[in-house]
Every structure is written in C-alpha cells, then in structure tokens.
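Coordinate analysis (summary)
Chain by chain, the residues:
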Amino acid sequence: MLAEDSLKNKVVLVTGGGSGLGLSMAQRFATLGADIAICGRNKDKLQDAVKSLSAHGTSVRSYQCDVREYDDVGKMVEQIVKDFGKLDSLVNNAAGNFFCTSEDLTPNGFKTVVDIVLHGTFNCTQHFGKQCIDSGRPGAVISIVTTYINTGSAFVLPSACAKAGVQALTTSLAYEWAPYGIRLNSIAPGPFPTKGAWSRLMPDGDFEEKFKKRHPMGRFGEPEELAELASFLLSDSAAYINGECVTIDGGQQLEGGQFNFIARMMPRKQLKQLFQAMKAKGA
Ligand code: HXC
Ligand code: NAP
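The text that follows walks through the structure, step by step, so that each part is easy to find. Quick caveat: nothing in here was measured; it's all calculated off a predicted structure.

Points about the overall build of the protein
When helices and strands are counted, the protein shows nine helices and seven strands. The C-alpha radius of gyration computed for the protein amounts to 18 Å, which stays within 12% of the reference 19 Å derived for 283 residues, consistent with globular compactness. Counting only residues that meet the buried cut, the protein has 50% of its 283 residues in that class. Sequence-distant contacts, at least 24 apart, represent 76% of the contacts inside the protein between residues at least 6 apart. For the protein, the exposed surface amounts to about 13,300 Å²; the carbon and sulfur share of it is 52%. If you average the places of the 30 positive and of the 29 negative side-chain charges in the protein, the two averages end up 5 Å apart.

Looking at the packing of aromatic side chains
If you walk through the whole model with that rule in mind, you get nine aromatic pairs. Geometrically, the ring pair formed by Tyr70 and Phe122 is stacked, given 6.4 Å between the ring centres and 15° between the ring planes. Residue Tyr70 is found in helix H3 (residues 70-84), and its partner Phe122 is found in helix H4 (residues 107-135); the two are separated by 52 residues along the sequence. Relative accessible area serves as the criterion here: at 30%, Tyr70 is assigned to the partly exposed category. Look at Phe122 and you get partly exposed, because its relative accessible area is 36%. Measuring from centroid to centroid gives 5.2 Å for Trp198 and Phe220, while their planes differ by 85°, and the two rings are edge-to-face. Residue Trp198 is found in helix H6 (residues 195-201), and its partner Phe220 is found in the loop between helix H7 (205-214) and helix H8 (223-234); the two are separated by 22 residues along the sequence. Taken individually, Trp198 and Phe220 each receive the classification buried, so the pair is uniform in this respect.

Observations concerning the nonpolar core
Judged by nonpolar contacts, the single largest core of 32 residues is most densely connected at Met25, Phe29, Ile36, Ile38, Val91, Ile187 and Leu234. Elements that contribute at least two residues to this core include exactly strand E1 (11-15), helix H1 (20-31), strand E2 (35-40), helix H2 (43-53), strand E5 (139-144) and H8. Beyond its immediate chain neighbours, meaning those up to four positions away, Ile38 contacts Leu13, Val14, Gly17, Gly18, Ala26, Leu46, Ala49, Val50, Leu53, Arg61, Ser62 and Tyr63. Ala94, Cys124, Leu169 and Leu184 belong to the second largest nonpolar core, which has 26 residues in total.

Describing the site of ligand 2
Surveying the vicinity of ligand 2 reveals 28 residues, the closest of which are Leu21, Arg41, Asn93, Phe192 and Thr194. Between Gly16 and ligand 2, the recorded distance is 3.2 Å, taken from a backbone N or O atom to an oxygen atom. Between an oxygen atom of ligand 2 and a side-chain N or O atom of Ser19, the distance comes to 2.8 Å. Protein coverage of the free-state accessible area of ligand 2, which is 880 Å², stands at 91%. At the level of elements, H1 and H6 are the ones that each hand at least two residues to the shell around ligand 2.

A short note on the packing of H1 against H8
Relative orientation of the contacting elements H1 and H8 amounts to 55°, with a least axis distance of 8 Å. When the axis of H1 is compared with that of H8, the two are oblique. Like other packed secondary-structure pairs, H1 and H8 cross with a definite hand, here right-handed. Contact residues: H1 offers Leu21, Ser24, Met25, Arg28 and Phe29, while H8 offers Pro223, Leu226, Ala227, Glu228, Ala230, Ser231 and Leu234. Taken together, the residues that form the contact of H1 with H8 break down as eight nonpolar, two polar and two charged.

Definitions and cut-offs
- Residues numbered from 1 in each chain as written.
- Chains lettered and ligands numbered in written order.
- Predicted model: local features only at pLDDT ≥ 70, side-chain atom pairs only at ≥ 80, totals over all residues.
- Heavy atoms only, no water.
- Helix = DSSP H or I, 4+ residues; strand = E, 2+ residues; numbered from the N terminus.
- Rg over C-alpha atoms; globule rule 2.2 N^0.38 Å.
- Buried < 20%, exposed > 50% of the residue type's maximum accessible area, 1.4 Å probe, protein only.
- Contact = heavy atoms within 4.5 Å.
- Areas by Shrake-Rupley, 256 points an atom, 1.4 Å probe, with all protein chains shown as cover.
- Lys, Arg positive; Asp, Glu negative; His and termini not counted.
- Charge placed at Lys NZ, Arg CZ, Asp CG, Glu CD.
- Phe/Tyr/Trp six-rings, centres within 6.5 Å; stacked < 30°, edge-to-face > 60°.
- Core = buried A, V, L, I, M, F, W, Y, C linked by side-chain atoms within 4.5 Å.
- Near = heavy atom within 4 Å.
- Polar contact = N/O pair within 3.5 Å; in protein donor to acceptor, adjacent residues only side chain to side chain.
- Axes fitted to C-alpha atoms, helices over the stretch in contact; angles between N-to-C directions.
- Parallel < 35°, antiparallel > 145°, perpendicular 65-115°, else oblique.
- Left-handed = near helix turned anticlockwise from the far one by under 90°.
- Nonpolar A, V, L, I, M, F, W, Y, C, P; charged D, E, K, R; others polar.

Structural measurements only, silent on function.
Right under this line is the structure:
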C-alpha cells in the first residue's frame with residue numbers, strides 16, 4: 001500500500017525502539033526512508049538495535065534515556081534536533097507491565113507502571129509538541145495503547161489505568177494541537193509475541209496455547225502488520241487522520257477485557273502462586 005519513499009526525509013523518534021514492536025516499527029520506517037532515533041534504558045540493547053537498523057542506509061542514532069525523567073527527555077529531544085536538524089514524528093511505545101492480582105499490588109508497583117506509561121508518554125509528547133510549536137513545524141505522534149483502554153482488564157490494573165490515560169492524552173491533544181499542524185493517533189494492538197510482553201504475560205506454553213485458541217482468528221499478530229499500520233499513520237497519506245485509535249487485533253477485543261477470562265481458569269490461590277512464581281523468575 002505504501003510507496004517505498006513514504007517516510008523519506010522524516011526524522012522519527014521511537015521510544016523503547018531497542019526491542020520488540022518498537023524495533024519492528026523502526027525497521028519498517030527506515031525501509032521507507034526515515035531517519036531513526038530510538039531511546040531506552042539499556043545501552044547494549046540500543047547499540048545492537050542501531051546496528052541492525054543501520055542496514056537500511058538512513059541515519060540512525062540511539063539515546064539512553066528513561067522516559068520517566070522529564071528533564072532528561074527534554075535534553076534528548078533537544079539533542080535529536082541538533083543531531084538530525086529536526087524531529088518530525090514521535091512514537092510513544094515504551095511501556096512496563098506485569099501480571100498481579102490487584103489486591104496484592106504494592107503502591108510502588110502501581111506507580112512504576114503508571115510512571116513509565118502515562119507520565120513517560122506525557123513527558124515525550126509535551127517536549128516533542130513544544131519543539132514543533134517553537135519551530136513552526138508540523139508533527140505526527142502515535143501512541144501504542146492496548147485493546148483494554150475502554151474495557152479495562154483484570155490482573156493488569158496499572159497498565160489498564162495508564163493506557164486509558166494515554167488514550168485521553170491522545171484525543172485531548174489531537175484537538176488542542178491541530179491548529180499547530182500536530183496530529184496525534186493511537187494504535188491498540190492485540191497479542192503480538194515479543195520477549196518483553198511474553199516474559200511478563202505468558203506464564204507457560206500451555207497458557208499460550210489456550211490464549212491462542214480463544215482468539216477468533218486462532219493466531220497472534222505479526223510485528224510487520226503493526227509496523228505497516230504505524231507507517232501509514234505517520235505518512236502524509238494519513239494527513240487528515242487525527243485523534244483516531246486504530247485497533248489491530250484480529251477481532252479479539254470483541255470478547256471483552258483481555259485477561260478477564262483468567263479469573264475463571266483456576267482458583268484464586270493457585271493464580272496468586274502462579275503470578276508470584278513469574279515475579280520470582282524475573283523477566
Ligand atoms: C508484582 C511487581 C512485579 C510483578 C515488579 N513489581 N514486577 N509486582 N508482580 N511481576 C513491583 C516491584 O516489586 C516494585 O515494587 C515495583 O514494581 C518496581 O519494580 P522494579 O523492578 O524496581 O521496577 P523497574 O526496574 O523500574 O522495572 C519496571 C517493570 C519491568 C515494569 C517492573 O517489568 C520493566 O522494566 N518492564 C519494561 C518492559 C515491559 O514491561 N514490557 C512489556 C510490555 S507489554 P515494590 O513495592 O516492591 O518496591 C504490554 C502489552 C499488554 O504492555 C497486552 C499484551 C497482550
Ligand atoms: P518490549 O519489547 O518490552 O518493549 C518495551 C520497550 O520499552 C523496551 O524496549 C524497553 O527498553 C522500553 N522501556 C521500558 N521502560 C522504559 C523507560 N522507563 N524508559 C525508556 N524506555 C523504556 O515489549 P513490546 O511487546 O514490544 O511492547 C511495545 C509496546 O506495545 C508497549 O507500549 C506495549 O504496551 C504495547 N503492546 C504490546 C502488546 C504485545 O502483545 N506485545 C500488546 C498490546 C500493546 P529498556 O528496557 O531498554 O528501557
């Protein structure tokens with residue numbers, strides 16, 4: 001669908017672009033001609049990602065930055081503009097998540113996920129928006145949310161609350177910043193197997209099989225499918241799409257809150273043990 005130069009001369013920042021869906025999106029943006037900035041906390045991961053992204057022949061740089069840190073995000077955006085000459089697009093992809101029965105969540109557990117997902121998205125979006133407004137240049141933002149932004153979901157309470165907030169940020173600013181030529185949209189993915197998500201949200205192969213069987217299409221998403229959608233939304237072909245949330249989940253959300261079914265899978269005590277074992281194992 002997209003012409004091979006759809007993102008030529010665009011500079012795109014992908015938060016959490018060192019792994020998983022962020023890296024897949026960055027790969028596709030680069031093949032469509034975009035110059036790429038990625039950020040994350042882990043330097044080694046970022047360096048490996050830069051190596052693979054550089055194969056496409058566009059400029060690629062990484063920035064070690066925790067999106068929770070407002071001032072650091074501001075410095076990163078400033079540095080990107082110095083390094084590349086401008087910044088056209090932002091993909092808010094960095095996130096944190098884990099399974100936990102909500103009565104057992106610690107305040108810091110709740111805060112940690114909300115800090116990364118909601119505050120991190122605010123930090124990046126506000127700094128990005130300010131540099132667009134100050135420079136008089138248009139911009140495009142995509143935030144990666146989840147299909148449970150409207151329904152909520154059992155066992156991922158901090159993520160559900162934070163992602164719903166990100167969706168509200170998207171629609172609020174889509175209207176407020178439209179006069180500046182800044183578009184904001186979101187993508188709500190269904191299940192896409194990545195190391196980051198699977199290590200935290202798939203206890204074992206048996207659980208994964210059950211999860212897949214419940215899916216109306218009987219399969220998970222391919223990262224390339226999501227990357228194609230994100231590329232379209234960033235491209236000038238989507239110039240009149242603003243404030244939209246596009247779901248890409250093969251119809252799975254029609255069933256209701258993503259992890260609600262787990263509540264009936266096994267007794268609560270067993271569930272708690274399972275989640276605690278996942279926590280102990282670490283990601
Ligand atoms: C309960 C947990 C926990 C767990 C951490 N905590 N893991 N509580 N169950 N499994 C609690 C800790 O006990 C601590 O609270 C607090 O959270 C902070 O933990 P830290 O390990 O110090 O945090 P930090 O090092 O900042 O790591 C953040 C993280 C981690 C979110 C906990 O998982 C992470 O770095 N994630 C990034 C990548 C990620 O999550 N990717 C998946 C996205 S998938 P106390 O009170 O003890 O101090 C996604 C898809 C959804 O969102 C839909 C899929 C289909
Ligand atoms: P992932 O590989 O774990 O991606 C998360 C990325 O965010 C990592 O690269 C991580 O890098 C970065 N990150 C985490 N905390 C950060 C922080 N404080 N500052 C900067 N970067 C941070 O998982 P994924 O599956 O690709 O998830 C990508 C996005 O898709 C997330 O928004 C997730 O909620 C969403 N999503 C995924 C699925 C799915 O099925 N996979 C479904 C729905 C939505 P560092 O650890 O190096 O910081």
